[in-house]
Amino acid sequence: MVSFLPYSPNSKVRCPQCGKPKRLTLFINLNTGEIYPPEFGVCDRIQACGYNKRPDKKSQLEQVKLIPKPPKPIDYLDIVEVEKRMSNNAKNHFFEFLKNLIGKEGMAKVREQYKLGTSLIHPGFVTFPQIDTEGRLRQIQEVLYNPKTGERNKKKGSQRWGFEKWKYPNLNLEMTYFGSHLITGNDKPIAIVESAKTAIIASHFIPSYNWVASISLGMLSNERCKSLKGRNVVLFPDLGAEPIWKKKAKYIKGMTSIKVSDYLNKNSKKYNLNNGDDLADLILKQ
Ligand SMILES: [Zn+2]
């Protein structure tokens with residue numbers, strides 16, 4: 001029986017038609033475990049490329065080019081890493097900014113909800129733990145902000161990972177949306193923004209949603225949204241990124257509903273927003 005090669009990191013290969021790397025899903029013969037050569041496959045880029053070639057009974061299996069390794073299980077980090085950072089009372093630029101914005105009580109609340117902390121090695125950096133819907137720690141993002149404006153520090157290295165790949169090469173970490181742990185136990189709709197800062201600010205001013213952050217555009221995918229299955233989801237792209245997010249939203253399956261908000265666009269003139277501004281920028285101006 002012929003089937004798609006199940007997804008794992010590096011399971012996708014270069015598409016023979018459009019030439020884009022890591023976009024072609026291969027076929028596997030489930031009876032023998034052999035993988036069909038990359039002449040056969042389906043390209044991710046359904047609209048831009050559309051390559052789709054299934055092997056038939058006659059397709060000879062060439063030398064097996066890829067030996068399917070059992071996927072390495074995901075490693076989870078000890079939750080004590082979150083506690084250590086939460087109880088670190090060193091200077092934290094983001095907290096200074098946040099306290100001015102939403103007050104002491106507001107800040108205490110979001111700190112507890114999102115388990116925010118202070119970096120143990122990078123002075124002034126806030127820590128954004130990525131805890132999944134099962135309460136498991138996946139990674140910790142550490143970021144330096146300007147304490148007055150709340151803008152991300154522009155210098156190189158102002159964004160770090162608590163567990164860098166080069167430092168922990170044997171850990172098989174897989175990121176999740178920041179704030180994922182907050183979606184369990186309630187049926188509030190889920191709002192996805194790009195940055196952790198925006199999710200935190202929005203959660204204070206618009207508490208009727210579960211606010212989660214994709215952290216990067218690449219993270220916005222069907223694969224990463226699997227833990228949100230069966231929920232109502234609204235995407236809040238940064239100003240100018242709507243077309244990309246709308247395209248991506250089409251590939252996200254299994255949600256009760258998925259919408260791309262045009263709230264930012266609608267208000268962009270009134271509040272004098274620029275390309276790249278996000279919901280937090282709009283909230284700050286309101
Ligand atoms: Zn292609």
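Everything numeric here is computed off the predicted structure, so don't read it as measured data.

Peer 1: For this particular structure, what's the right way to read the overall build of the protein?
Peer 2: Assigned secondary structure in the protein consists of six helices and 13 strands. Based on the C-alpha atoms only, the size of the protein along its principal axes is roughly 70 × 45 × 40 Å. Restricting to contacts in the protein with at least 6 residues of sequence separation, those with at least 24 account for 58%. In the form shown here, the protein has an accessible surface area of approximately 16,000 Å², with 51% of it arising from carbon and sulfur atoms. When the 47 positive and 27 negative side-chain charges of the protein are each reduced to one mean point, those points stand 4 Å apart.

Peer 1: Help me understand the pairing of strand E8 (residues 137-143), please; the structure alone is not making it clear to me.
Peer 2: Along any regular strand, the residues point their side chains to alternate faces of the sheet. Most of E8 is tucked away: seven of the seven residues are buried. Bridge analysis of strand E7 (residues 126-131) against E8 gives six bridges, and the strand direction is antiparallel. When the sheet's bridge partners are listed, Thr-127 is paired in E8 with Glu-142. With antiparallel pairing between neighbouring strands as the criterion, E7 and E8 make up a hairpin whose turn holds five residues, including Gly-135 at a positive phi of roughly 85°. Bridging between E8 and strand E9 (residues 159-161) involves three bridges; their strand directions are antiparallel. If you follow Gln-141 over to E9, its bridge partner there is Trp-161.

Peer 1: Got a minute to help me understand the sheet that holds strand E6 (residues 117-118) in this structure?
Peer 2: The strands making up a sheet associate through hydrogen bonds between their backbones, and the pairing can be parallel or antiparallel. Taken together, the four strands give an open sheet; going across it, the order is E6-E7-E8-E9, and neighbouring strands pair in antiparallel fashion. Taken across any chain shown, the strands that pair with only one partner, and hence form the sheet edges, are E6 and E9. Two elements, E6 and E7, share two bridges in a ladder whose sense is antiparallel. When the bridges of E7 are listed, Gly-117 appears paired with Thr-127. Most of the contacts of helix H2 (residues 93-114) go to E7, to which it runs at about 30°, and overall it touches E6 and E7.

Peer 1: Could you clarify how one ought to interpret the domain arrangement of the protein in this entry?
Peer 2: Think of interface size as the accessible area that goes away when the parts come together; that is how it is often given. Domain parsing of the protein yields domain 1 (1-71) and domain 2 (80-285). The C-alpha centroid of domain 2 is placed 34 Å from the C-alpha centroid of domain 1.

Peer 1: Help me understand the coordination of the zinc ion in this model?
Peer 2: Protein-derived coordination of the zinc ion comes from Cys-15 (SG), Cys-18 (SG), Cys-43 (SG) and Cys-49 (SG), at a distance range of 2.3 to 2.4 Å. Its four donor atoms give the zinc ion angles of 102 to 115° at the centre, a pattern that matches the tetrahedral case. The exposure class assigned to Cys-18 is partly exposed, which follows from its relative accessible area of 27%.

Peer 1: For this particular structure, what's the right way to read the packing of aromatic side chains?
Peer 2: Centre distance and the angle of the planes are the two values used to describe a pair of aromatic rings. On inspection of all chains with the given rule, the structure shows 12 aromatic pairs. Residues Trp-211 and Phe-236 carry aromatic rings whose centres are separated by 5.1 Å and whose planes lie at 45° to one another, so their mutual orientation is tilted. Placement of Trp-211 in strand E11 (residues 210-213) and of Phe-236 in the loop between strand E12 (232-235) and helix H4 (242-250) is noted, with a sequence separation of 25 residues between them. Phe-236 carries the same exposure label as Trp-211, and that label is buried. Put simply, the rings of Phe-94, Phe-97, Tyr-114, Phe-128, Tyr-145 and Phe-178 touch in pairs and so form one group of aromatic residues.

Peer 1: When you look at the environment of Pro-6 in this model, what are you seeing that I'm missing?
Peer 2: When you line up the elements, Pro-6 lands in the loop between strand E1 (2-4) and strand E2 (24-25). Separated by 19 residues in the primary sequence, Pro-6 and Thr-25 have C-alpha atoms spaced 8.4 Å apart.

Peer 1: In this structure, what is going on with H2? I would like to understand it.
Peer 2: Each α-helix winds once per 3.6 residues, and so residues spaced three or four apart point in a common direction. Its 22 residues give H2 an end-to-end C-alpha distance of only 17 Å, which falls more than 12% under 32 Å, the value for a rise of 1.5 Å per residue. Residue Gly-103 marks the point of greatest curvature in H2, where the axis turns by about 115°. Along H2, the positions that sit buried rather than exposed are His-93, Phe-94, Phe-95, Phe-97, Leu-98, Ile-102, Gly-106, Met-107, Val-110 and Tyr-114. Buried residues belonging to H2 abut E6, E7, helix H3 (196-205), E11 and helix H6 (279-285).

How each quantity is defined
- Residues numbered from 1 in each chain as written.
- Predicted model: local features only at pLDDT ≥ 70, side-chain atom pairs only at ≥ 80, totals over all residues.
- Heavy atoms only, no water.
- Helix = DSSP H or I, 4+ residues; strand = E, 2+ residues; numbered from the N terminus.
- Contact = heavy atoms within 4.5 Å.
- Areas by Shrake-Rupley, 256 points an atom, 1.4 Å probe, with all protein chains shown as cover.
- Lys, Arg positive; Asp, Glu negative; His and termini not counted.
- Charge placed at Lys NZ, Arg CZ, Asp CG, Glu CD.
- Buried < 20%, exposed > 50% of the residue type's maximum accessible area, 1.4 Å probe, protein only.
- Pairing = 2+ DSSP bridges.
- Axes fitted to C-alpha atoms, helices over the stretch in contact; angles between N-to-C directions.
- Domains from an automatic or database assignment.
- Donors = N, O, S within 2.8 Å, 3.2 Å for Na, K, Ca; no water.
- Tetrahedral: all angles 85-135°; square planar, octahedral: opposite > 155°, others 65-115°.
- Phe/Tyr/Trp six-rings, centres within 6.5 Å; stacked < 30°, edge-to-face > 60°.
- Expected span 1.5 Å × (residues − 1).
- Bend = angle between axes of the 7 residues up to and from the residue.

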